[in-house]
Amino acid sequence: PGTLMYSLMLLLNRAGNAIFGNLSLIFALAVAMGRAKKEKGVAGLSAGIFYLIMLTTMSVCLTMDGSIVDGMVSEGVKDGAITTTLGIQTLQMGVFGGIVAGLGAAALCNRFYKTQLPSALSFFAGTRFVPIISMLSAVLAGIISYFVWPVIQSGIFALGGLVQASGYFGTFIFGC
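Here's what I pulled together on the structure shown here.

Procedures and definitions
- Residues numbered from 1 in each chain as written.
- Predicted model: local features only at pLDDT ≥ 70, side-chain atom pairs only at ≥ 80, totals over all residues.
- Heavy atoms only, no water.
- Helix = DSSP H or I, 4+ residues; strand = E, 2+ residues; numbered from the N terminus.
- Rg over C-alpha atoms; globule rule 2.2 N^0.38 Å.
- Buried < 20%, exposed > 50% of the residue type's maximum accessible area, 1.4 Å probe, protein only.
- Areas by Shrake-Rupley, 256 points an atom, 1.4 Å probe, with all protein chains shown as cover.
- Lys, Arg positive; Asp, Glu negative; His and termini not counted.
- Charge placed at Lys NZ, Arg CZ, Asp CG, Glu CD.
- Core = buried A, V, L, I, M, F, W, Y, C linked by side-chain atoms within 4.5 Å.
- Contact = heavy atoms within 4.5 Å.
- Pairing = 2+ DSSP bridges.
- 1 Å grid on protein atoms, 1.4 Å probe; cavity = no way out; pocket = protein on both sides within 12 Å on 5 of 7 lines; lining within 4 Å.
- Points joined across faces, edges and corners; volume = space filled by probe spheres on them.
- Nonpolar A, V, L, I, M, F, W, Y, C, P; charged D, E, K, R; others polar.
- Axes fitted to C-alpha atoms, helices over the stretch in contact; angles between N-to-C directions.
- Left-handed = near helix turned anticlockwise from the far one by under 90°.

**Section: the overall build of the protein chain**
Then comes step 1: When helices and strands are tallied, the protein chain shows 6 helices and 4 strands.
Then comes step 2: N-terminal to C-terminal, the α/β element order of the protein chain is α-α-α-β-β-β-β-α-α-α.
Then comes step 3: Over its C-alpha atoms the protein chain spans a radius of gyration of 20 Å, topping by over 25% the 16 Å that the globule rule assigns to 176 residues.
Then comes step 4: Across its three principal directions, the C-alpha atoms of the protein chain cover 65 × 45 × 40 Å.
Then comes step 5: Of all 176 residues assigned to the protein chain, the portion counted as buried reaches 33%.
Then comes step 6: Carbon together with sulfur atoms contributes 70% to the accessible area of the protein chain, which is approximately 10900 Å² in total.
Then comes step 7: Looking at the protein chain, you have 9 positive and 5 negative side-chain charges, and the mean spots of the two groups are 26 Å apart.

Now the structure itself:
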């Protein structure tokens, strides 16, 4: 500590953690821009919006069911089931959540980027409509994820427990 080399290594460590700690958001943006046929910038923006609102919706659902009380995870919740992502306490979906957000935003962008609205609402037509519909869709995706993801997560936890209990054979199967 206190040396130039230590400071450099600390900087590299934290820079790497910034990437790996936010990998799900990076996946959301990259998948959306990669899957969008046109208006890739709009798709990326919509994916970011989609992802943040999906996380927030799951957080609200977890607060309403008592899994999160005053910012603390309740005793009955499995370790690792809830995490803080971008400052939002939510279900631990990892990069899968980012992929869902990216695919959803890309599909919405491809479908709605040319949408025409009545003249009174024409400001919100076309590419401006995509982030709006992404917000609404993200709420729905967050509610669905709140109900579906814990089942998938339990399966992942059970598979991990099986691999761990199987000793070397489990390690071999996991490696395959």
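**Quick word on the nonpolar core**
Then comes step 1: Phe50, Met54 and Met58 are the most contacted members of the largest nonpolar core, which totals 33 residues.
Then comes step 2: Considering each element in turn, this core owes the most residues, 10 residues, to helix H3 (residues 40-64).
Then comes step 3: With residues near it in sequence (within four places) discarded, Phe50 still touches Val100, Ala101, Gly104, Ala105, Leu108, Ser134, Ser137, Ala138 and Ala141.

**What about the pairing of strand S4 (residues 88-91)?**
Then comes step 1: Here strand S3 (residues 82-85) pairs with S4 via 4 bridges, running antiparallel. Counted as the bridge partner of Thr85 is Ile88 from S4.
Then comes step 2: The loop that links S3 with its antiparallel partner S4 comprises 2 residues; one of these, Leu86, has a positive phi angle of about 55°.

**As for the environment of Arg35**
Then comes step 1: Position of Arg35 relative to the elements: it lies in helix H2 (residues 23-35).
Then comes step 2: Residue class for Arg35 comes out exposed when judged on its relative accessible area of 55%.
Then comes step 3: The sequence separation of Arg35 and Cys109 amounts to 74 residues, and the corresponding C-alpha distance is 9.5 Å.
Then comes step 4: Filtering out sequence-adjacent residues up to four positions away, Arg35 remains in contact with Leu103, Ala106 and Asn110.

**What about the layout of surface pockets?**
Then comes step 1: If you add up the space inside the largest pocket, you get close to 170 Å³.
Then comes step 2: For the largest pocket, the lining is made up of 15 residues, of which Ser24, Tyr51, Thr85, Gln92 and Gly94 are closest to its centre.
Then comes step 3: Elements with a contribution of two residues or more to the lining of the largest pocket: helix H1 (4-21), H2, H3, S3 and helix H4 (95-112).
Then comes step 4: Take the lining of the largest pocket: its biggest share by element is 3 residues, from S3.
Then comes step 5: In the lining of the largest pocket, the residues fall into 7 nonpolar, 8 polar and no charged.

**Here we look at the side chain of Ser24**
Then comes step 1: Looking at the secondary structure, you find Ser24 in helix H2.
Then comes step 2: With relative accessibility at 8%, the residue Ser24 sits in the buried group.
Then comes step 3: Excluding its chain neighbours within four sequence positions, the residues that come into contact with Ser24 are Tyr51, Thr85, Gly94, Val95 and Gly98.

**Brief notes about the packing of H2 against H3**
Then comes step 1: Across the interface, H2 lies against H3 with an axial gap of 8 Å and an inter-helix angle of 145°. Note that H2 runs across H3; the crossing there is right-handed. Side by side, H2 and H3 meet where Ser24, Leu25, Ala28, Leu29, Ala32, Met33 and Gly34 of the first sit next to Lys40, Ala43, Gly44, Ala47, Gly48 and Tyr51 of the second.
Then comes step 2: A breakdown of the residues in the contact of H2 with H3 according to their chemical character gives 8 nonpolar, 4 polar and 1 charged.

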